[in-house]
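Here's the letter readout for the chains.
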Amino acid sequence: MTASIDAHTLKSWLHDGQEIALLDVREHGQYGESHLFYATPLPYSRLELDVPRLVPRRQVRVVTYDGGEGDASAGVAERAARRLEALGYTRVAVLEGGAKAWSAAGYTLFAGVNLPSKTFGELAEHAYGTPRITAQQLAARQAAGLPLVVLDGRPVSEFHKMNIPGAICCPNGELALRVSRLVPDAATPIVVNCAGRTRSIIGAQTLINLGIPNPVYALENGTQGWYLADLPLEHGGTQRYGDDSASSALQAQARALAERFDVPEVDADTVRTWSQDAARTLFLCDVRTPEEFKAGSLPGAQHTPGGQLMQAGDQYVGVRGARLVLFDSDGVRAPVVASWLRQLGHDACVLRGGLHSGLDLAPAQLPQAPALAGITAQALHERMRQGEVAVVDLRAGMKYRAGHIAGARWSIRPCLASDLAGETRQIVLVADEPGMAQWAALELQGAAPLLLEGGLAAWQQAGLPVQATPDSPTDAECIDYLFFVHDRHDGNKEAARRYLAWETGLVPQLDAQELAAFRLPSA
């Protein structure tokens, strides 16, 4: 039987200096409404797909939790814990009473996502006094034709959705390497923006910490502040950073920044030794661009683009207290990113020689997903006409709304067994990732579902009917979607205001232990 711990015990574990993986196994929308500060979101629907990457060492302490008794998610933590134990995790416990018990014990629950990083951004702005510029001030300077460059610190995909007019996409992890080419004149003011606040602040302060001579500002409230000021955003932008190599002077600046924040540099032999340490978790992090990672990386590394590793570390690292070894191919990006991770409280270091170090680690051990027999789109269509099958779409709820097989129902792994209770027909599962369906099939004890080969794309390519249902599943049923975060980008000004108020209101909610974990300079 899986062990359980109470809220006070968990609180002590989170601050005892030992490694711990705190996993919120509810779906993303449920997690985003209310969760523990250090929780890593690992939805039960993706458990086996993502846990090897987020929690690679199977001897680490793991605590799962859900919403608690009476919540729609009740019982998911126990189910997830049993699956983790089946995968070989040896120290798994469940938080008694879940999030409700945590709150009842006097501890704070937080809304939103990426809590440590978001809070850190607010603290960093205060500690450094990061210069800022409002949307109105920036628009006035642009209208007056004054020299300045706007650099958008978000990934290319986010920049493509919307951007400040005239901005250039340069994700935060790339700023140090690319800024001299993007802004060759040392007198030209630079404005760094994101969608809200964190990446604007961290991006601007990155350039200031690096020591560039230009005046640098963070755009207050990012694209949301621009939108709330009734200024027009551009959509579909493609202007972005180019290819750059690092000068010896820039490498020296990056080394100096790393030294300022006590970032260790380690060689490949040291990292190989660490990889054999059964008592510590190791993450080998390639902070370069997606294109560079795709072209070739070190064996055993995961892609952790530098800007996002600072902004959303819980999407890449699920073990609090783990060792993080960062590398690049230029001697600039890894030291700069590591300087921030050290201030965030991580045990982060830089691999000497980076991509050319010769380091070769074994990749994470992936569990073998249960096999499912397949069915083609044409065969499924014929069997649906005969009424022989029940088709269940396991894709994201909002994707189902946008378009799905006519006659298919929507479900998600935590609800799958109850949704199909009493179903006697052959079940056919539809998924974007086959693994989602393969692991979800474990919930259907005794049944042998089929998997639609090629998913919805194959169905559409066969010219078969697809229908949209904008209100089904309902908002309440879309437990995998966090409206709180996403609505701010869909023309909803009130959602944008609420989001910015949430972001600026994070710091007062932290307790003394949570605040003490950060290592920022004194304000």
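Residues numbered from 1 in each chain as written. Predicted model: local features only at pLDDT ≥ 70, side-chain atom pairs only at ≥ 80, totals over all residues. Heavy atoms only, no water.

**Observations concerning the packing of helix α6 (residues 115–128) against helix α10 (residues 198–210)**
Step number 1: Two elements in contact, α6 and α10, have axes whose closest approach is 9 Å; the angle formed by their N-to-C orientations is 45°. Judged by the inter-axis angle, α6 sits oblique to α10. Here α6 runs over α10; the crossing is left-handed. For the pair α6 and α10, the contacting residues are Ser117, Lys118, Phe120, Gly121, Glu122, Ala124, Glu125 and Tyr128 in the first and Thr198, Ile201, Ile202, Gln205 and Asn209 in the second.
Step number 2: Taken together, the residues that form the contact of α6 with α10 break down as 5 nonpolar, 5 polar and 3 charged. (Axes fitted to C-alpha atoms, helices over the stretch in contact; angles between N-to-C directions. Helix = DSSP H or I, 4+ residues; strand = E, 2+ residues; numbered from the N terminus. Parallel < 35°, antiparallel > 145°, perpendicular 65-115°, else oblique. Left-handed = near helix turned anticlockwise from the far one by under 90°. Contact = heavy atoms within 4.5 Å. Nonpolar A, V, L, I, M, F, W, Y, C, P; charged D, E, K, R; others polar.)

**Observations concerning the pattern of salt bridges**
Step number 1: Within the structure shown, the criterion is met by 42 salt bridges.
Step number 2: Here aspartate 511 and lysine 11 are joined by a salt bridge, their closest N and O atoms 2.6 Å apart. Residue aspartate 511 is found in the loop between α23 (493–504) and α24 (512–516), and its partner lysine 11 is found in helix α1 (residues 7–14); the two are separated by 500 residues along the sequence.
Step number 3: Residue classification places aspartate 511 among the partly exposed positions, given a relative accessible area of 26%.
Step number 4: On the basis of relative accessibility, which here comes to 7%, the residue lysine 11 falls in the buried class. (Salt bridge = Lys/Arg side-chain N within 4 Å of Asp/Glu carboxyl O. Buried < 20%, exposed > 50% of the residue type's maximum accessible area, 1.4 Å probe, protein only.)

**Overview of the domain arrangement of the protein chain**
Step number 1: Partitioning the protein chain into domains gives domain 1 (3–113), domain 2 (119–247), domain 3 (260–355) and domain 4 (374–469).
Step number 2: On the domain 1 side of the interface with domain 3, the three residues burying the most area are Glu19, Arg53 and Arg57, jointly 40% of the side's total.
Step number 3: Inspection of the region where domain 1 meets domain 3 yields 1 salt bridge.
Step number 4: With a closest N to O distance of 3.0 Å, glutamate 19 and arginine 280 form a salt bridge.
Step number 5: The interface formed by domain 1 and domain 3 contains 10 residue pairs in polar contact (both at pLDDT 80 or more).
Step number 6: Among the secondary structure elements, those contributing two or more residues to the side of domain 1 that touches domain 3 are β2 (21–24), β3 (40–41) and α3 (47–54).
Step number 7: Taken together, the residues that form the side of domain 1 that touches domain 3 break down as 12 nonpolar, 4 polar and 3 charged. (Domains from an automatic or database assignment. Buried area = accessible area lost by both parts, 1.4 Å probe. Polar contact = N/O pair within 3.5 Å; in protein donor to acceptor, adjacent residues only side chain to side chain.)

**What about the layout of surface pockets?**
Step number 1: Taken as a whole, the second largest pocket spans an internal volume of roughly 860 Å³.
Step number 2: Taken together, 29 residues make up the lining of the second largest pocket; nearest its centre are Pro56, Ala362, Pro363, Ala364 and Gln365.
Step number 3: Those elements that place two or more of their residues in the lining of the second largest pocket are α3, α13 (268–275) and β12 (282–286).
Step number 4: Of the residues that constitute the lining of the second largest pocket, the class distribution is 16 nonpolar, 7 polar and 6 charged. (1 Å grid on protein atoms, 1.4 Å probe; cavity = no way out; pocket = protein on both sides within 12 Å on 5 of 7 lines; lining within 4 Å. Points joined across faces, edges and corners; volume = space filled by probe spheres on them.)

**Digging into the UniProt feature "domain: Rhodanese" (unreviewed entry) in the protein chain**
Step number 1: UniProt's feature table lists "domain: Rhodanese" (unreviewed entry) at residues 16–111, 148–235, 286–367 and 385–468, given in the numbering used throughout.
Step number 2: The annotated region residues 286–367 carries 29% helix and 16% strand content, and the separation between its end C-alpha atoms amounts to 23 Å.
Step number 3: A distance of 20 Å separates the end C-alpha atoms of residues 385–468, which is 33% helix and 23% strand. (UniProt positions renumbered as here; feature names shortened; annotations may be inferred.)

**Some details on helix α4 (residues 76–86)**
Think of an α-helix as 3.6 residues a turn; residues three or four steps apart then line up on the same face.
Step number 1: Among all positions of α4, only Val76, Ala77, Ala80, Ala81, Arg83 and Leu84 are buried. Buried positions in α4, seen along its axis, are confined to an arc of 165° and lie on one side of it.
Step number 2: Among the structural elements, β2, α3, β4 (62–65), β5 (92–95), α19 (413–419) and α20 (434–440) are those in contact with the buried residues of α4.
Step number 3: Downstream of α4 by one or two residues, glycine 88 has phi in the positive range, about 105°. (Arc of directions from axis to C-beta.)

**Some thoughts on the side chain of asparagine 214**
Step number 1: Assignment of secondary structure puts asparagine 214 in the loop between α10 and β10 (216–219).
Step number 2: The exposure class of asparagine 214 is buried, given its relative accessible area of 9%.
Step number 3: A polar contact is formed between the side chain of asparagine 214 and the backbone oxygen of aspartate 185, at a distance of 2.8 Å.

**Describing the packing of helix α12 (residues 248–260) against helix α16 (residues 333–344)**
Step number 1: Between α12 and α16, whose axes approach to 8 Å, the crossing angle comes to 20°. Comparing the axis directions of α12 and α16 gives the class roughly parallel. In this structure, α12 crosses over α16, and the sense of that crossing is left-handed. Between α12, through Ala254, Leu257 and Ala258, and α16, the contact on the second element is made entirely by Pro335, Val336 and Ser339.

**Some words on the packing of aromatic side chains**
Step number 1: Applying the stated rule across the entire model yields 8 aromatic pairs.
Step number 2: Ring centres of tryptophan 102 and tyrosine 107 lie 4.6 Å apart, and the angle between their planes is 40°; this geometry places the pair in the tilted category.
Step number 3: For tryptophan 102, a relative accessible area of 3% puts it in the buried group.
Step number 4: Plain terms: the ring middles of tyrosine 128 and tryptophan 340 are 5.9 Å apart, the flat faces sit at 75° to each other, and that makes the pair edge-to-face. Here tyrosine 128 is found in helix α6, whereas its partner tryptophan 340 is found in helix α16, with 212 residues between them in sequence. The exposure classification of tyrosine 128 matches that of tryptophan 340, with both residues buried.
Step number 5: Positioned over the ring face of tyrosine 44 is arginine 413, at 4.1 Å from the centre of the ring.
Step number 6: Sitting above the plane of the tyrosine 227 ring, lysine 493 keeps its charged end 5.4 Å from the centroid. (Phe/Tyr/Trp six-rings, centres within 6.5 Å; stacked < 30°, edge-to-face > 60°. Lys NZ or Arg CZ within 6 Å of the ring centre and 35° of its normal.)

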